[in-house]
Amino acid sequence: MKKKLLCLTLALAMLLGLVACGNNNEPADTNNPDAPPADTNNPDEPTAPPEGFQPLTYDEDEIYDLNFTEFLEYYDAALAANDTNERWAKMAIAEAKLLESGLVTPGVTQGGNYGMRRIPNRTVPGVLYGNDNDRFYTMVVTNEIIKTEHFAVMNEKWEELKGTGTYIEWLKGWLTENGYTMKDSLGWLYGDTLVTWDILATSQAPEAETLVHTIDGLMEYDNEDVLQPSLAVEAPEISADGLVYTFKLRNDVVWSDSQGREVAKLTADDFVAGMQHLMDAGGGLETLLSGVIKGATEYVNGDTTDFATVGVKALDEYTVEYTLEKPVPYLMTMLGYSIFFPMSRSYYESQGGKFGQDFDPTASDYTYGTSPDHIAYCGPFLITSDTPQNSRIFEANPNYYKADKMNIHSMTWVFEDGTDVMKQYEDFKNGLIDSTGLNTSTVKQAREEGIFDLYARVGSTTAGTWYNCFNLNRRAFANYNDDSKMVSTSSHASVDEVIANGTSEIEDDASRAHVAMNNKHFRLSIAFSLDRGSLRGLAVGEELKYNSVRNTYVPGSFVTLQADTTVDINGTATTFPAGTQYGEIIQAQLTADNFPAKVWDMENGADDDHSVGFDGWYNVEAAKAEWAIAKEELAAQGLEISAENPIYLDLAMPGTNTVGVNQANLFVQCIETALGGEVVIRPVLSSSDQELNDATYYNSTGAQLNTDCTYLNFGWNPDWGDPNNYLDQLIPGGYMVKGFGIYS
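Computed from a predicted model, the values in this text were never measured in an experiment.

Novice: Tell me about the sheet that holds strand β4 (residues 114–117), and name the residues and values.
Specialist: In any sheet, the strands associate via hydrogen bonds between backbone groups, in a parallel or an antiparallel arrangement. One open sheet holds the 3 strands; their spatial order is β19-β4-β20, and the pairing between them is antiparallel. In this open sheet, the two edge strands, each paired with only one partner strand, are β19 (435–437) and β20 (457–458).

So this is what it looks like as structure tokens:
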């Protein structure tokens, strides 16, 4: 019998501006959470629900306004500030409002775990944003494992020499004196199959991390974190009004094919071609140029088809000019990111590429970016072999203009799918790879083998933040990417099982969950229930469990006020002195609002980032208080909740190893203990990392998000040195809003 959607009550239907109770055809902690390699098989359509199943849908603008309005109002005020320090301070206040909404519960960052390396410290760029920290050609690699005691020596010397350009020279001599020998090759890990080899047509980390070795930008941070000319001859000439940047280019750079054969000279026009192709391809990063490059917004939105109106021009063969929409004080930090990379126009056209309205990647003669053999190279390495889920081989580009700066001349990347918790450690010991992280199993093994104390070190944390999300508008309920299904660990039927059994239970569950999700006190009750340190400890061990726990979205140390700055905190003019860090201002606003989370703690945290290294959110009493408010508000709207009639939420989690399963069980335990069993978490475990990401991060639209809540499936690594790079992802149409089931 055909099922009908159960609309709870008229009050519920009115809560979020219900569009229709009828037909609608609208569309972890992982081992590498910032590196989703692919969208779903059918990225523009969600998995179709079975015939007769009619999911609730609400107007996305209304959902966004209901949940994000306060954050957006404060963020708009920050963007309107003319002074950079005032802007940063107001951004911190906007983030405080975001955290208070319960939409983003920060979880972890990368690093802070045990590892072993044959790679000395500080031989590649260490900046926290952009693509430059993934460039390896200056990396020094030894044949021997670096001893733990020696990392401190290297760090101290780097601090002394940074900015002089002499650290690597000193390091090589010091390594030799201490019995190390160096090699010119690198063994590395990767875990994803690339969808495209076109770095301008993607927004996904695995593709950028691979392809950045094949192409250079105008400017580049060196291993001492000093911004240096790369394809540019020198720093740009900047107009008095800050709107025009003019770069003179090197005249000795050539494009090569994958065999090392010269195919073209690099000219200023290649930067024009690169930016137009970025916008034509629509890989997800083109919107980052909106409001930055003059005319970019209009071209990306289709309001104009004339690329000549966009502010990038080749003034002559070796001079490129950028005209900005308005002064952008952080523009120079953007230049090492792919959105400013060049592309050989002539080579692209030889591969069937076209521009503007003629761009058609489905054309039969379009081969650009389909393999490593169909791109042009101007960077240090050529990709000479790629065997999916096996290995990826890089060889030195014989035409590279900075060949004298290369310390390694080949790289072999080894595939790792995360299913064998010992494989990475064994590959490291056998010399197949030159760096390994240590999990709880391999820490134990290393100790038993007597090498842990000699070689293990705790790595530094990064600027990436992974967080928990709530699906505010779930519409995808069927199988994730193909006919296989995730497996529910709960005695209560999973979403897939309910659909397969043809019952209507899912309809009521979905309606109730939807309404609850759009209540901030409901979200906060879950946020305060989670023991994030213990969850992390299951992956890295008890002794390191807090090292990578982050309490803010933008790292608290990401920017520091350069001058005394006065802003309004709840009606009181508050002055923050020069030297105040971003996280301190977030905490000031939270404290003024009597919000119980502690996100900045000078008594805890890392030496340089006091927003990481402790759990300032886990607070069962606060969880209970928020839950009491949520139940009262939801009951007033007609939604009664009890242990006998709880809210059911599906939680997508990795099921490929015991860590993921144990984390799922602990997540359930935290929620059910704090909230008295009135919220039931149904872990839905993946059979592979690919399947998990297909259900969550890989989706290109919010409509495809196939879970109610996520644990560290969504995160952001910054692309330039300003907090707006994080916060812009959460405005309407922002790239990460898909994590809440809307837009994108």
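Novice: For the sheet that holds strand β10 (residues 237–238), give the residues involved together with the corresponding values.
Specialist: The 4 strands lie next to each other as β10-β11-β15-β14, forming an open sheet whose pairing is antiparallel. Of all strands in the sheet, those with a lone pairing partner are β10 and β14 (312–316), marking the two edges. As defined by bridge partners, β10 adjoins strand β11 (residues 244–248) across 2 bridges and the pair is classed as antiparallel. What sits directly across from I238, in β11, is Y245. Its contacts with the sheet put helix α7 (residues 269–281) on β14 and β15 (319–323), and the angle it makes with β14 is roughly 165 degrees.

Novice: Give me the lowdown on the pairing of strand β24 (residues 572–576), citing residues and values where you can.
Specialist: Sheet analysis places strand β23 (residues 565–569) next to β24, joined by 5 bridges and oriented antiparallel. Pairing of T565 across the sheet is with F576, part of β24. Once β23 ends, the chain turns through 2 residues before running back antiparallel as β24, passing N570 with a positive phi of about 50 degrees.

Novice: Would you mind going over the packing of helix α16 (residues 520–529) against helix α19 (residues 620–636) in detail, with residue names and values included?
Specialist: At a closest axis distance of 8 Å, the pairing of α16 and α19 adopts a crossing angle of 160 degrees. Classified by the angle their axes make, α16 and α19 are roughly antiparallel. In terms of crossing hand, the pair formed by α16 and α19 is left-handed. Residues H521, F522, L524, S525, F528 and S529 of α16 form the contact with α19, whose participating residues are V620, A622, A623, E626, W627, I629, A630 and E633.

Novice: Any details on the packing of aromatic side chains? Residues and values, ideally.
Specialist: The tally for this structure, following the rule as stated, stands at 34 aromatic pairs. Ring pairs connect the aromatic residues Y129, Y221, Y467, Y553, F558 and Y726, which therefore count as one cluster. For the cation-ring pair, R118 lies above F428, with the distance from its terminal atom to the ring centre recorded as 4.3 Å. Sitting over the ring of Y697, K738 keeps its end group 4.7 Å from the ring centre.

Novice: How would you explain the pattern of salt bridges if you had to name every residue and give the values?
Specialist: Summed over the entire model, instances satisfying the criterion amount to 30 salt bridges. Note that D269 and R345 form a salt bridge whose closest N and O atoms lie 2.6 Å from each other. Linking D269 in helix α7 with R345 in helix α10 (residues 345–350), this pair joins segments that are 76 residues apart in sequence. Overall, D269 belongs to the partly exposed group, its relative accessible area being 28%. Across the pair D509 and R682 runs a salt bridge whose closest N-O atoms are separated by 3.2 Å.

Novice: Describe the nonpolar core, and please don't skip the residues or the numbers.
Specialist: Counting 95 residues, the largest nonpolar core has F68, F71, F522, Y553, W617, L649 and F740 as its most contacted members. It is helix α3 (residues 84–100) that provides the largest number of residues to this core, a total of 9 residues. If we skip the residues at most four places from it in the chain, F522 touches A516, M517, W627, A630, I647, L649 and V679. Judged by nonpolar contacts, the second largest core, of 78 residues, contains V141, V253, L266 and I293.

Novice: Quick rundown of the packing of helix α2 (residues 60–80) against α3? Include the residues and the values.
Specialist: Between α2 and α3, the shortest axis-to-axis distance is 8 Å and the interhelical angle comes to 175 degrees. Compared by their axis directions, α2 and α3 come out roughly antiparallel. Taking contact as the criterion, the partners of F68, E70, F71, Y74, Y75, A77, A78 and L79 in α2 are, on α3, R87, K90, M91, I93, A94, K97 and L98. The residue makeup of the contact of α2 with α3, split by class, is 11 nonpolar, no polar and 4 charged.

Novice: Summarise the pairing of strand β18 (residues 410–415); cite the residues concerned and give the values.
Specialist: Counting buried residues in β18 gives 5 out of 6 residues, a clear majority hidden from the surface. As paired strands, strand β7 (residues 185–190) and β18 are joined by 6 bridges and run parallel to one another. Looking across to β18, one finds that W188 is bridged to W413. One ladder, built from 5 bridges, connects strand β17 (residues 391–396) with β18; its direction is antiparallel. Within the sheet, the bridge partner assigned to F394 lies in β18 and is M411.

Novice: Residue-level account of the environment of I375, with values.
Specialist: By secondary structure assignment, the location of I375 is in the loop between α10 and β16 (381–387). The exposure class assigned to I375 is buried, which follows from its relative accessible area of 3%. Every residue in contact with I375, bar those within four places of it in the chain, is listed here: W197, L211, S256, D257, Y347, Y368 and G369.

Novice: If you had to explain unusual backbone geometry to someone new, which residues and values would you point to?
Specialist: Despite not being glycine, N594 has its phi angle at roughly 55 degrees, a positive value. Summarising the element assignment, N594 is placed in the loop between α18 (582–592) and α19. Using a relative accessible area of 67% as the deciding quantity, one classes N594 as exposed. In the Ramachandran plot, L712 falls in the positive-phi region, its phi being about 65 degrees despite a non-glycine side chain. On the secondary structure map, L712 appears in strand β27 (residues 709–716). Assessed through its relative accessible area of 1%, L712 is described here as buried.

Novice: Which residues make up the environment of A643, and what values go with them?
Specialist: Mapped onto the fold, A643 is located in the loop between α19 and β25 (647–654). Sequence spacing of A643 and G676 is 33 residues, and the spatial spacing of their C-alpha atoms is 7.1 Å. Those residues in contact with A643 that lie beyond four places of it in its chain are G676, G677 and E678.

Novice: Talk me through the side chain of T552; I want residue IDs and the actual numbers.
Specialist: With respect to the secondary-structure elements, T552 resides in the loop between α17 (532–540) and β23. T552 sits in the buried class, given a relative accessible area of 0%. At a separation of 2.7 Å, a polar atom in the side chain of T552 contacts the main-chain carbonyl oxygen of V554. Those residues in contact with T552 that sit more than four places away from it in its chain are E95, P106, T465, I586, V599 and S611.

Novice: Summarise the side chain of T246; cite the residues concerned and give the values.
Specialist: Tracing the sequence through the fold places T246 in strand β11. Accessibility expressed as a relative area gives 17% for T246, which makes it buried. Look past the residues within four positions of T246 in its chain and what remains in contact with it is P236, E237, L315, T319, V320 and E321.

Novice: Got a sec to walk through the environment of G187? Specific residues and values, please.
Specialist: Topologically, G187 is positioned in strand β7. When its relative accessible area of 6% is taken as the criterion, G187 is described as buried. Sequence-wise, G187 and W413 are 226 residues apart; in three dimensions their C-alpha atoms are separated by 5.8 Å. Apart from residues no more than four positions distant in its own chain, G187 is found in contact with T412, L432, I433 and D434.

Quick notes on the rules
Residues numbered from 1 in each chain as written. Predicted model: local features only at pLDDT ≥ 70, side-chain atom pairs only at ≥ 80, totals over all residues. Heavy atoms only, no water. Pairing = 2+ DSSP bridges. Helix = DSSP H or I, 4+ residues; strand = E, 2+ residues; numbered from the N terminus. Contact = heavy atoms within 4.5 Å. Axes fitted to C-alpha atoms, helices over the stretch in contact; angles between N-to-C directions. Parallel < 35°, antiparallel > 145°, perpendicular 65-115°, else oblique. Left-handed = near helix turned anticlockwise from the far one by under 90°. Phe/Tyr/Trp six-rings, centres within 6.5 Å; stacked < 30°, edge-to-face > 60°. Lys NZ or Arg CZ within 6 Å of the ring centre and 35° of its normal. Salt bridge = Lys/Arg side-chain N within 4 Å of Asp/Glu carboxyl O. Buried < 20%, exposed > 50% of the residue type's maximum accessible area, 1.4 Å probe, protein only. Core = buried A, V, L, I, M, F, W, Y, C linked by side-chain atoms within 4.5 Å. Nonpolar A, V, L, I, M, F, W, Y, C, P; charged D, E, K, R; others polar. Polar contact = N/O pair within 3.5 Å; in protein donor to acceptor, adjacent residues only side chain to side chain.

Read these as geometric descriptors, not functional statements.
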